[in-house]
Each structure stands twice: as structure tokens, then as C-alpha cells.
Amino acid sequence: MGQPVREYLLTLCVTVAVTYLLTGPVRRFAIAAGAMPEIRARDVHREPTPRLGGIAMFGGLCAGLLVADHLPNLNGVFELSNEPRALLSGAALIWLIGVLDDKFEIDALIKLGAQMIAAGVMVMQGLTVLWIPVPWIGTVALTQWQGNLLTVALVVITINAVNFVDGLDGLAAGMVCIAAAAFFLYAYRIWFGYGIEAAAPATLFAAILMGMCLGFLPHNMHPARIFMGDSGSMLIGLVLAAGAISITGQVDPDTMALFAGGERNATHAMLPVFIPLLLPLTIIAIPMADLVLAIVRRTWKGQSPFAADRGHLHHRLLELGHSHSRAVLIMYFWSGLIAFGAVAYSVHSASMWIVLVIAALSAVGLVLLLLPRFRPRAPRWAEFLVPPRYRHAERAAEAAAQDVSGREPEPARRIAVGVSGVNGATAVGPRSRFPDRRKAETTR
């Protein structure tokens, strides 16, 4: 088992390196090509930033697949399955549409149609859902049309969920990387733990997806030097959906029944991956919740579901008082808790400790989420040691009234004004660049 792990690690490192090294030249190309849109009302950043980061991510995807095709243990994935080729075909199409959208702003309905076509291309090459393993019931076989429609729906929903959450520097890439890491652990366990080769493509997809996100993140963390754009967000959404469809619709629960002690137990053991078919991709539950809330919010206001606004979850975190970096880290925390919690529950579903740990971490997450609402107050005897915002309101008002009434000693007031003038710490207006030289130059 050690040899496949090393080959996955090599594939991951090559994908990271290629994506990272390509992002710099892609940034210069995006600036030269004019792929730097003007600041919009819903944007968080304050300076025009180049897009087209998906070009580097697509290069990392191609490099990862090429390296895996030449490794002894991973080469069998390409020989026994057509899914890697199906993924590459669909990814190339959705990436091309994303590049055009980053440069020319394609209409939302055209992008939706392109997403359906990309999903259809993968379906035509065999990457589709064949059955739905329903917990506590068993395997429900799907007709060809049912499986194809379900596959297209899952791909489109997942792509738009990732696209919707791409609103802060490093947010989408980090959340998808966390989801891919949890998905890799689960798929690897099914492949090498149960010996089911049908899970091999999903394991490879998850490793490559991690590499794409990790290679792009250093350039995309706040303050971002480049955005992935729709060419990147739709690409990683499609890769994530392809992995979930592969392992859910291709792995036969009857095979797992030999290891789990029966079909119902096998179905229950695979619950964290079956849920994505009903609520697409539990491992990106946060983007999915954001997508559903955005559709409901915009429809309620009589707007198009594709109309952009500032009502996403990350925008609400900023409104609560969180900084840019803290809002991103909070979203990372919840994504990791849901994704790795689902994987842990799938391994030991009968353990109450896992449920208790998840509940405790959820409570910690809620405290961190609402932290800006709770402003600590210093004791009265220590108020003079802390900034005014940490003092009691009545004491701060008394201090302000005392300052206005003029009871403060004149030397102290003179010193305070002088310090403010020297440092330029004034909210009235900008400090003059040139000092007043009249007193020094003449006595007139």
C-alpha cells in the first residue's frame, strides 16, 4: 500500500508545482490581455485584479493526469476506465467557456448551457450515475435517461455552488481543497481498504484537485494578486462533481456488502458519499447552502437567480465585523468540520465520541462566528489602560463631556493636539505635505 501512496504524493506535488509556476506568467498575460474588470458594487477588493487564474489550474490538471498515466500503480486507472478521459474532455470545454467569460463577460444563460454540455460530454464517455444506493433500503437501479439527467444536474449544481462561494480571496480554492482532502481519504479507503478498483478514478481526481488548489492558493490569499475567475471556479467545481459521481454511481454496494456484512450495512457505511446525490456534495455543504439561500433571496425580491448581490455568507461575515482573513478562516473551519466529520462518521458510525466531538467543535465555531457581537469590557479600575472602545459606555460619555466642557487641564489638551498634528492622526482632513514656514522665515 505504500507504493500507491508515494505515487499519489508525486502526482499531487507535480500538480502543485505546475499550477504554482504557471500562475505568475498567467497573471502577466491576463494584465496584457486586459482581463482586469472594473470594481463592482458587490466586490470586496478595492483595486482591479487580473483574472484567468483558471488557465494555470487547467495546466496543473493536465500535468497531474499525464504524470499519473506514466506511474505503474496509477496507470491502471487509464487502462481499465475511460473516466479520466471523460473528465479531461468536460474540463477542457468548461475551462474554455470560463476563459471567454473572464475576458468578455458571457451571459449567464449561455454559461448554464455550456455547463450542461460539458456534463453531457462526460456522460457520453461513461462518467455517469448507474444506480442510487439508498440507506437502509438497498440499491435502486436507474434507467439510462434517469442516470444521465441526474449526472447533469449534479454537475451543474456543484459548479454553481463553487462559483457562488468565490467571493473572497482564497475562499473557493481553500474550501474545495479541504473538501478534496476529505474526499481523497474516503475514496482511498474504499479502494485499498475494500479492494474496489472502481473507486480508483475518484481517488485520483481528488488528489489532482488538491494539487490544483494548493498550487493556486499562494497567489490568491489576501491580498490576492490574481483571481481564478469563472475559468477556475467552474473547473474545480466540475472536477469535484466528477469525483463524487464516479465513486457514488460506479462503486457497486454489493461488492462492499462482502466487507460490511450485508447490503444494508454497506449502504449505511457509504452514507457520507450517498448524501451528495440528494443534497449534492455534503463535502461542500457551505457553498450549497449559500447557493440555495442566494436563489431564494433573489427570487423573493423578483430578481433573476443569476443576478449578483452582496448577500452571500462571506459578505454577511464581513457585515458582522469579521476581517477579510478571519471570515475566510471561519468558512474553512466549517467546511473542514462538515467534510472530515462525515468521513469520520463513515468509518466509525457507531461511536458516540465522534458525534460529541463534532457537537463540541460546532459550538466553538458558533462562538467564533458571533465573536464580533461580544465586545469585552475592561474593569473600571483599568479603563485608563485600554482604548475607549473597550470602556463602559457611560464612562466614555462622561469623559467626552468633560473634554467638551473644558475642564481638562490646558497643557494636556495642548499636548494631545500637538501629537495629533505631528503624526497626522486626524479624521477632519488630510495633512498638508508642507509645513507652515511663515513663522520661521519672517517676522512680518
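Cut-offs applied
Residues numbered from 1 in each chain as written. Predicted model: local features only at pLDDT ≥ 70, side-chain atom pairs only at ≥ 80, totals over all residues. Heavy atoms only, no water. Helix = DSSP H or I, 4+ residues; strand = E, 2+ residues; numbered from the N terminus. Buried < 20%, exposed > 50% of the residue type's maximum accessible area, 1.4 Å probe, protein only. Expected span 1.5 Å × (residues − 1). Contact = heavy atoms within 4.5 Å. Phe/Tyr/Trp six-rings, centres within 6.5 Å; stacked < 30°, edge-to-face > 60°. Core = buried A, V, L, I, M, F, W, Y, C linked by side-chain atoms within 4.5 Å. Axes fitted to C-alpha atoms, helices over the stretch in contact; angles between N-to-C directions. Parallel < 35°, antiparallel > 145°, perpendicular 65-115°, else oblique. Left-handed = near helix turned anticlockwise from the far one by under 90°.

**Structural notes on unusual backbone geometry**
So, step 1. Omega for the peptide link from histidine 222 to proline 223 comes to -5 degrees, which places this bond in the cis form.
So, step 2. Following the sequence through the fold, proline 223 ends up in the loop between helix H8 (200-220) and helix H9 (229-250).
So, step 3. For leucine 52, which is not glycine, the phi dihedral falls at a positive 70 degrees.
So, step 4. The phi torsion at glutamate 105 lies on the positive side, around 60 degrees, for a residue other than glycine.
So, step 5. Given the relative accessible area of 47%, glutamate 105 is considered partly exposed.

**Observations regarding helix H7 (residues 171-194)**
So, step 1. Over its 24 residues, H7 extends 34 Å from the first C-alpha to the last, a length consistent with the 34 Å expected when each residue adds 1.5 Å.
So, step 2. Across the 24 residues that make up H7, a large majority, 19, are buried.
So, step 3. Two residues or fewer past H7, glycine 195 is found with a positive phi of approximately 70 degrees.

**Structural notes on the side chain of threonine 19**
So, step 1. Residue placement: threonine 19 occurs in helix H1 (residues 2-33).
So, step 2. Judged by relative accessible area, threonine 19 falls into the buried class, the value being 0%.
So, step 3. Ignoring sequence-local partners within four residues, the contact set of threonine 19 consists of Ala56, Met57, Gly60, Gly211, Met212, Gly215 and Phe216.

**A few points about the packing of aromatic side chains**
So, step 1. This model, assessed by the stated rule, comprises 6 aromatic pairs.
So, step 2. When the centroid spacing of 5.4 Å and the interplanar angle of 80 degrees are considered together, the rings of tyrosine 8 and phenylalanine 184 count as edge-to-face. A residue pair is termed long-range when its members are at least 10 positions apart, and tyrosine 8 in helix H1 and phenylalanine 184 in helix H7 qualify at 176 residues. Comparing tyrosine 8 with phenylalanine 184, the two get one shared label, buried.
So, step 3. Ring pairs connect the aromatic residues Tyr8, Phe184, Tyr188 and Trp191, which therefore count as one cluster.

**Structural notes on the nonpolar core**
So, step 1. In this structure, Leu61, Leu204, Leu209, Leu235, Ile236 and Leu238 are the most contacted members of the largest nonpolar core, which totals 94 residues.
So, step 2. At 17 residues, the largest contribution of residues to this core is made by H7.
So, step 3. Ignoring any residue separated from it by four or fewer positions in sequence, one finds leucine 61 in contact with Thr15, Leu87, Ala91, Ile208, Met212 and Leu235.

**Brief notes about the packing of H7 against H8**
So, step 1. With their axes 8 Å apart at the nearest point, H7 and H8 run at an angle of 155 degrees to one another. With respect to H8, the axis of H7 lies roughly antiparallel. In this structure, H7 crosses over H8, and the sense of that crossing is left-handed. From H7, Ala173, Gly174, Val176, Cys177, Ala180, Ala181, Phe183, Phe184, Ala187, Tyr188 and Trp191 reach across to H8, where they touch Ala200, Ala202, Thr203, Ala206, Ala207, Leu209, Met210, Cys213, Leu214 and Leu217.

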